[in-house]
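# An overview of the molecular structure
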Amino acid sequence: QVQLVESGGGLVRPGGSLRLSCAASGYIFSISAMSWYRQAPGKQRELVATISRSGTTNYADSVKDRFTISRDNARNTVYLQMNSLKPEATAVYYCYVADEDKAIPVTNDYWGQGTQVTVSP
């Protein structure tokens, strides 16, 4: 089992910045993809950004050029730097990791508990 602990959410004014962190611990095989999703009230969960083990990144169009995803493979940690925040970014942000057991093979999916980000004057 893998546990994910998120931190860094909070209240910020429009135009401000926040940095989210998500650390994975427990019995880890090999973490491949690490991602951030978000879910606003009354809306479906959506992908914000994802990063492969080698560092290839992809972003939702709505956050390109303002958000940056990164990871520290030695610490099994993923980050999301969010700049120029807009009120529509208000949501619960969830960390996701894919842990690969190559011996079987099987990929196990894990989610964090979520951290609230509120962008408001």
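### Here's the deal with the sheet that holds strand 3 (residues 18–26)
Sheet architecture is open: four strands sit in the order 1-3-8-7, paired in antiparallel fashion. Each end of this open sheet is capped by a strand with a single partner; those strands are strand 1 (2–7) and strand 7 (67–72). Within this sheet the neighbouring strands show an average axis-to-axis angle of 15°, counted without direction. Bridge analysis of strand 7 against strand 8 (residues 77–82) gives six bridges, and the strand direction is antiparallel. Bridge pairing in strand 8 links Ile-69 to Leu-80.

### A look at the state of the cysteines
If you walk through the whole model with that rule in mind, you get one disulfide. There is a disulfide in this structure between Cys-22 and Cys-95, and the S-S distance comes to 2.1 Å. In this structure the cystine formed by Cys-22 and Cys-95 twists about its S-S bond by roughly -80°; its chirality is therefore left-handed. Pair noted here: Cys-22 is in strand 3 and Cys-95 is in strand 9 (residues 91–101), with a separation of 73 residues, a long-range link.

### A word on the environment of Val-48
Topologically, Val-48 is positioned in strand 5 (residues 46–51). Placed 20 residues apart in sequence, Val-48 and Ile-28 show a C-alpha to C-alpha distance of 24 Å. Contacts of Val-48, omitting those with residues within four sequence positions, involve Trp-36, Tyr-37, Arg-38, Asn-58, Tyr-59, Ala-60, Val-63, Phe-67, Leu-80 and Tyr-93.

### What to know about the side chain of Thr-50
Its place among the elements puts Thr-50 in strand 5. Overall, Thr-50 belongs to the buried group, its relative accessible area being 17%. A polar contact of 3.4 Å, which involves the side chain of Thr-50, links it to the backbone oxygen of Met-34. Discounting residues that sit within four places of it in the chain, Thr-50 has contacts with Ala-33, Met-34, Ser-35, Thr-56, Thr-57, Asn-58 and Ile-69.

Rules used throughout
Residues numbered from 1 in each chain as written. Predicted model: local features only at pLDDT ≥ 70, side-chain atom pairs only at ≥ 80, totals over all residues. Heavy atoms only, no water. Pairing = 2+ DSSP bridges. Helix = DSSP H or I, 4+ residues; strand = E, 2+ residues; numbered from the N terminus. Axes fitted to C-alpha atoms, helices over the stretch in contact; angles between N-to-C directions. Disulfide = S-S within 2.5 Å. Contact = heavy atoms within 4.5 Å. Buried < 20%, exposed > 50% of the residue type's maximum accessible area, 1.4 Å probe, protein only. Polar contact = N/O pair within 3.5 Å; in protein donor to acceptor, adjacent residues only side chain to side chain.

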